[in-house]
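# Results of the structural survey
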Amino acid sequence: MISIAIDGPAGAGKSSICTRLAQELHYLHIDTGALYRAVGLAVLRQNKNPADPTDVLPLLQHIHIDLRFEAGEQRILLNGEDVSEAIRLPEASAAASAVSALPEVRAYLLEQQRSLARQYNVIMDGRDIGTVVLPQATIKIYLTAAPEERARRRYLELSAKPDCPPMDEILQDIIKRDEADRNRAVSPLRQAEDAVLVDTTQMDQQQVIDHLLGLCRERLGL
Ligand code: DC
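Report follows, based on the coordinates. Per-chain numbering applies: the sequence of each chain, read as written, is numbered from 1 onward. Whole-chain, interface and lining totals are the exception, using all residues; otherwise, since this is a predicted model, local features are given only for residues with pLDDT of at least 70 and side-chain atom pairs are given and counted only at 80 or more. Only hydrogens and water are set aside when side-chain values are computed; all heavy atoms of the structure are taken into account.

## With respect to the overall build of the protein chain
Strands are runs of DSSP state E lasting at least two residues, helices are runs of H or I lasting at least four, and both sets are numbered from the N terminus onward. A tally of regular secondary structure across the protein chain gives nine helices and eight strands. Throughout, radius of gyration means the C-alpha value; the globule benchmark is 2.2 Å times the number of residues raised to the power 0.38. In terms of C-alpha radius of gyration, the protein chain reaches 17 Å, essentially the compact-globule figure of 17 Å for 222 residues. Its C-alpha atoms give the protein chain principal-axis dimensions of about 50 × 40 × 35 Å. When accessible area is computed with a 1.4 Å probe and restricted to protein chains, residues below 20% of their type maximum are described as buried, those above 50% as exposed, and intermediate ones as partly exposed. Here the protein chain, with 222 residues, has 47% of them falling under the buried criterion. Using the Shrake-Rupley algorithm and a 1.4 Å probe, accessible areas are obtained, with residue cover drawn only from the displayed protein chains. Of the roughly 11,100 Å² of accessible surface on the protein chain, 50% is carried by carbon and sulfur atoms. Across the protein chain, the 25 positively charged side chains and the 32 negatively charged ones have centroids separated by 2 Å. Charge assignment: positive for Lys and Arg, negative for Asp and Glu; neither His nor the chain ends contribute. A charge is said to be at NZ when it belongs to Lys, at CZ for Arg, at CG for Asp and at CD for Glu.

## What to know about the site of the ligand
Neighbouring residues are identified by heavy atoms, a residue being near a molecule or strand if any of them is within 4 Å of it. In the neighbourhood of the ligand, 16 residues make up the surrounding shell, with Arg37, Arg106, Arg127, Asp128 and Arg184 lying closest. Arginine 37 has a polar side-chain atom sitting 2.6 Å from an oxygen atom of the ligand. Here an oxygen atom of the ligand and a side-chain polar atom of arginine 177 are 3.1 Å apart. Considering the ligand on its own, with 450 Å² of exposed area, one finds that the protein chains cover 95% of that surface. Listed by contribution, the elements that provide at least two residues to the shell around the ligand are α2 (33–45), α4 (90–99) and α8 (167–183). Side-chain classes follow a simple rule in which Ala, Val, Leu, Ile, Met, Phe, Trp, Tyr, Cys and Pro form the nonpolar group, Asp, Glu, Lys and Arg form the charged group, and the remainder, Gly included, forms the polar group. For the shell around the ligand, a count of residues per class yields three nonpolar, five polar and eight charged. Here a polar contact is recorded for every N or O atom pair within 3.5 Å, except that within protein the pair must consist of a potential hydrogen donor and a potential acceptor, and residues adjacent in sequence are included only if both atoms are side-chain atoms.

## A word on helix α9 (residues 205–220)
Since there are 3.6 residues in each turn of an α-helix, residues three or four apart along the chain are aligned in direction. Working rule for helices: expected span equals 1.5 Å times residues minus one. If you check α9, its first and last C-alpha atoms are 22 Å apart, about what 16 residues at 1.5 Å a residue would give, namely 22 Å. A contact between two residues is defined here by any heavy atoms of the two lying within 4.5 Å. On its buried face, α9 sits against β1 (3–7), α1 (14–25), β7 (139–144) and β8 (196–199). N-capping of α9 is provided by aspartate 204, with a side-chain oxygen placed 3.2 Å from the backbone N of glutamine 206. Glycine 221 sits one or two positions beyond α9 and adopts a positive phi of about 65 degrees.

## Quick look at the sheet that holds strand β5 (residues 81–82)
Note: strands within a sheet are paired through backbone hydrogen bonds, in either parallel or antiparallel orientation. At least two bridges found by DSSP between two strands is the condition for calling them paired. Strand order in the open sheet formed by three strands is β3-β4-β5, and the pairing between neighbours is antiparallel. Each edge of the sheet is formed by a strand with only one pairing partner; in this case those strands are β3 (65–70) and β5.

## Topic: the pattern of salt bridges
Each salt bridge in this description consists of a side-chain nitrogen of Lys or Arg and a carboxyl oxygen of Asp or Glu lying within 4 Å of one another. All told, the structure shown has 15 salt bridges when counted by the stated rule. Taking the shortest distance from any N to any O, the salt bridge between aspartate 194 and lysine 140 comes out at 3.1 Å. Highlighted residues: aspartate 194 in the loop between α8 and β8 and lysine 140 in strand β7, separated in sequence by 54 residues. Residue class for aspartate 194 comes out partly exposed when judged on its relative accessible area of 48%. A residue is classified by how much of its surface remains accessible, and lysine 140, at 6% relative accessible area, is buried.

## Let's talk about the sheet that holds β1
With respect to topology, five strands assemble into an open sheet ordered β2-β6-β1-β7-β8, the strand pairing being parallel. Two strands close off the open sheet at either side, each with one partner strand: β2 (28–31) and β8. Averaged over all pairs of adjacent strands, the angle between strand axes in this sheet comes to 20 degrees, irrespective of strand direction. Looking at chain direction, β2 and strand β6 (residues 122–126) are connected through four bridges and run parallel. The partner of aspartate 31 across the bridge, within β6, is aspartate 125. Working convention: axes come from line fits to C-alpha atoms, limited for helices to the stretch in contact. Angles between N-to-C directions cover 0 to 180 degrees. Most of the contacts of α9 go to β7, to which it runs at about 165 degrees, and overall it touches β1, β7 and β8.

This is how it looks when you write it as structure tokens:
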């Protein structure tokens, strides 16, 4: 099976870009952030503290997460309930960030991710795919952009909504999440030694897709 690992910080556009790449290459796009978000949501729903291992760890044995794919689009089920929308709420983001720092949570989700890569050709996006989850991935890409540019893109995305936060708040949130992802003790966000660095600060989405498709096709001999 072929696996393409795409890592990088929050707001680098990984998810939408990976969706398009997966359509072009006919691979399955697996958004691993959704798994951490589902665990975070499960903890919140039990009124427990996602940052406290004594709260989180006993819950793990009661959390069952399934991924389904409908017309190539990933849906995520938490104990049988489709929570694909609920995991996008800001409180689920914060809870995901907290639970993702716990080694037991990472270990709990690891085999599920590896098992998918054994069964399908995948484009898997996350923070530690090239370094920990799939160290033997066929292609590794580290996608990043300057924090100010990532904040600007997120602002544009959210600006249609009535409760859009100010740009500065979005930037501060991105900087805080970057720091948490990079400095955690287990599986911190970092570029794998054999990953190709793609800085998209000066590129629009189509340019990024064309660039990555070219890179993948060349490496895969397509
Ligand atoms: O990519 P995202 O924003 O949906 O990720 C949600 C959280 O999960 C984020 O704080 C980083 C964490 N995460 C992780 O630690 N490892 C991954 N492979 C994917 C996400």
